[in-house]
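# Results of the structural survey
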Amino acid sequence: MERVEKEISPEEFWKEFIAPLKPCLIGAWLTESWKARKFWVKNDQINVDYLIEKYGNCKVPVTNCSKNFDCSSMVFVDYLRYLKKRESNDILYCKDWHLAMED
């Protein structure tokens, strides 16, 4: 699969990949300015402390992939605790959370 390692224009990307439905991997250049790259990662690990501090009390939509894809909501810190402990047989997926509206 082709990698797009250097910035290209939207027009060029459309012509080379979207129009011909050609898959590609996009290099880090696209996300270098994203806050997530700066704050969400520390020492190459997810910075859970930052996420809890910043978004821990946000209500997030969660889909239970092991039970008919039932959708409910939970507080984000509880979802992070679920991910860390993995004590449940349920497979929970934080889905369609519009984080940009929280920031």
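Above this note sits the structure.
Attention here is on the structure that accompanies the text. (Residues numbered from 1 in each chain as written. Predicted model: local features only at pLDDT ≥ 70, side-chain atom pairs only at ≥ 80, totals over all residues. Heavy atoms only, no water.)

## Here we look at the sheet that holds strand β5 (residues 59-64)
Spatially, three strands are ordered β6-β5-β7 in an open sheet, and the strand pairing comes out antiparallel. Edge positions in the sheet fall to β6 (70-75) and β7 (92-94), since each of these pairs with one other strand and no more. Strand after strand, the sheet turns through a mean of 40 degrees between neighbouring axes, direction not considered. Alignment of β5 against β6, held across six bridges, turns out to be antiparallel. Bridge pairing in β6 links V62 to S72. The strands touched by helix α4 (residues 76-85) within the sheet are β5, β6 and β7, with β6 carrying the most contacts at an inclination of about 105 degrees. (Pairing = 2+ DSSP bridges. Helix = DSSP H or I, 4+ residues; strand = E, 2+ residues; numbered from the N terminus. Axes fitted to C-alpha atoms, helices over the stretch in contact; angles between N-to-C directions. Contact = heavy atoms within 4.5 Å.)

## Observations regarding the pairing of β5
Counting the residues in the hairpin turn of β5 and β6 gives five residues, including N68, whose phi is positive at 55 degrees. As defined by bridge partners, β5 adjoins β7 across three bridges and the pair is classed as antiparallel. For T63, the partnering residue across the bridge sits in β7 and is Y93.

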